[in-house]
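Residue strings, one per chain:
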Amino acid sequence: MTASAAWTARDAAAVWHPFTQHSTWTGDRPVVVDRAEGPWLIDVDGRRYLDGVSSLWTTTLGHGHPDINAAITAQLAKLDHSTFLGTTHTPGIELSEALIALAPKGNGPELTKVFYAGDGSSAVEAALKIAYQYSTQTGHSRPKFVRLDQAYHGDTLGAVAVGGHDLFHQAYKPLLLDTIGVPSPGDRALGPDRNAIAEAALRSVMGEHGAQVCAIIVEPMIQGAAGMLDYDAQFLRTARELADAHGALLIFDEVATGFARTGRMWAAEHAGVTPDLLTCGKGITGGYLPLSAVLAAEHVYEAFLTRPGDSAPRTFFHGHTYTANPLCCAAALANLRVMGEQDVTGQAARLGERLAKLLEPLGSNDNVLEIRQLGTMIGVEVAPVGDRTGFAVCQAARDRGVWLRPLGNTVVLMPPLTLGDDETDLLVNALAEAIDEVAA
Ligand SMILES: *Cc1c(COP(=O)(O)O)cnc(C)c1O
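Residues numbered from 1 in each chain as written. Predicted model: local features only at pLDDT ≥ 70, side-chain atom pairs only at ≥ 80, totals over all residues. Heavy atoms only, no water.

Visitor: Now, about the site of the ligand: what can you tell me, with residues and values included?
Guide: With respect to spatial proximity, the complete set of residues near the ligand consists of Trp 57, Asp 119, Gly 120, Ser 121, Tyr 152, His 153, Gly 154, Glu 219, Asp 253, Val 255, Ala 256 and Lys 282. A distance of 2.8 Å separates an oxygen atom of the ligand from a polar backbone atom of Gly 120. Between the ligand and the protein, one listed contact pairs an oxygen atom with a side-chain N or O atom of Lys 282 at 2.7 Å. Compared with its free state, where it exposes 380 Å², the ligand has 85% of that area covered by protein. Looking at the shell around the ligand, its residues break down into 4 nonpolar, 4 polar and 4 charged. (Near = heavy atom within 4 Å. Polar contact = N/O pair within 3.5 Å; in protein donor to acceptor, adjacent residues only side chain to side chain. Areas by Shrake-Rupley, 256 points an atom, 1.4 Å probe, with all protein chains shown as cover. Nonpolar A, V, L, I, M, F, W, Y, C, P; charged D, E, K, R; others polar.)

Visitor: I'd like to hear about a nonpolar patch on the surface, residue by residue, with values.
Guide: A cluster of nonpolar side chains, contributed by Leu 157, Tyr 172 and Leu 175, occupies part of the molecular surface with about 310 Å² of accessible area. Mapped onto the fold, Tyr 172 is located in the loop between helix H7 (166–169) and strand E6 (179–182). Classification of Tyr 172 as partly exposed rests on a relative accessible area of 39%. (Patch = residues over 30% accessible without salt bridge, like charges linked within 9 Å, V, L, I, M, F, W, Y side chains within 5 Å. Salt bridge = Lys/Arg side-chain N within 4 Å of Asp/Glu carboxyl O. Helix = DSSP H or I, 4+ residues; strand = E, 2+ residues; numbered from the N terminus. Buried < 20%, exposed > 50% of the residue type's maximum accessible area, 1.4 Å probe, protein only.)

Visitor: Describe unusual backbone geometry, listing the residues and the values that go with them.
Guide: The phi torsion at Met 228 lies on the positive side, around 60°, for a residue other than glycine. Positive phi is not limited to glycine here, since Ala 260 has a value of about 75°. Looking at where Ala 260 falls in the secondary structure, it is placed in the loop between strand E10 (249–253) and helix H10 (268–271).

Visitor: Just give me the short version of the UniProt feature "modified residue: N6-(pyridoxal phosphate)lysine" (unreviewed entry) in the protein chain, but keep the residues and values in it.
Guide: Summarizing the sequence annotation, UniProt attributes the feature "modified residue: N6-(pyridoxal phosphate)lysine" (unreviewed entry) to Lys 282 in the numbering used throughout. Note that Lys 282 resides in the loop between strand E11 (277–280) and strand E12 (292–297). Among the residues examined, Lys 282 registers a relative accessible area of 26% and is labelled partly exposed. In this view, Lys 282 contacts Leu 56, Trp 57, Thr 58, Val 255, Ala 256, Gly 287 and Leu 291; residues no more than four positions away in its chain are not counted. (UniProt positions renumbered as here; feature names shortened; annotations may be inferred. Contact = heavy atoms within 4.5 Å.)

Visitor: Can you lay out the domain arrangement of the protein chain for me, pointing to particular residues and giving the numbers?
Guide: Here the domain parsing of the protein chain yields domain 1 (31–64 + 343–439) and domain 2 (70–341). Its C-alpha centre places domain 1 at a distance of 27 Å from the equivalent point of domain 2. In this assembly, 31 residues from domain 1 lie in contact with 29 residues from domain 2. Approximately 2,300 Å² of surface area, both sides summed, lies buried where domain 1 meets domain 2, with 63% of it carried by carbon and sulfur atoms. The largest contributions to the domain 1 side of the interface with domain 2 come from Trp 57, Leu 374 and Met 377, which together make up 28% of the buried area. Scanning the region where domain 1 abuts domain 2 turns up 1 salt bridge. (Domains from an automatic or database assignment. Buried area = accessible area lost by both parts, 1.4 Å probe.)

See the structure below:
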């Protein structure tokens, strides 16, 4: 028995994995990861796999980066944890300054304050509660959110309520907040006019319900979990205009797109607009530790300052025990420092261009329905042959030394931003061969 098989048996006896169907888990031969180096995952039997999806969209500079490792170790020697409720600490302050300096600029408010959470979902929860409380503290209660169909904002109940991914979200419908869904500008089923259709729908929804809406929330430029549905930047400019016209806030969920994943630091930059609240997570610590944040505009923050004569405090009564954990902040600071020093955003843009070139021949492969891409976020939708075609392609890629995880029949490529040329070739070649093997 291999070490992987032995560990998998122990795993199956004791572990319940996220987003996992355990009736097929053992048969799917999960990779038992032991170590990682740069873009490589190494299993307990010493086999190496290219981390083709950045360990679920998180790894920016690769695994075991000496600067991030050193920053975590140095922080650990100084301060492991102290609460952000009532005390503060230097890595939390410095990271806030760094995030504000990096925040997107454009048409819309400047983002000037940082509120921390632990995962993407918890950042979204915070943003939703901030948006609602903002409405009550600046005028009247606006209990509704406008969201896009096929959206994904995380798995906690508030985040699910503003999601629109039927497979993931349908089961929880009776539990959810009242939200208003709008067709997505990325929905291919709407045809080539999808952007105009989605804009018209948003305009009409805001016309009818605008006074009840505290916020419009979107994944800017590309809906990741929906299968990398990229869309026109114009939609975001229209959303900005409609939010302003109706006194609603605009929330950009950049949990997946932030930190150069799309070839710019933020997806918002492709549209030249800024939101009132921006959520980020995943790549913030380089993929090392859990941390997320909500970047807020000054006018939002100011609405939470208690004024003379108020009958109740305007405080945002929300937070988590490990909010702004210093080790996480130190990892994030090191990640952002390296990103700046080594122009990782430029590297990501060039990696995206190189991937586009290498993937071009696949566009005319009969077994490929569509290739969607924004920077280093890529979805290759394959034609179904039997059940779980996307998964079968990923298994075939794995036999060629590349680890991928699909979204339905869309195979996702989202490698670390600093991936080298040889590894980029391997990634695309393994995918192309895997698609042909599964089709045959
Ligand atoms: C992954 C993701 C989330 C949820 O983040 P978690 O860290 O998994 O809670 C939220 N929004 C978007 C756009 C995401 O891609």
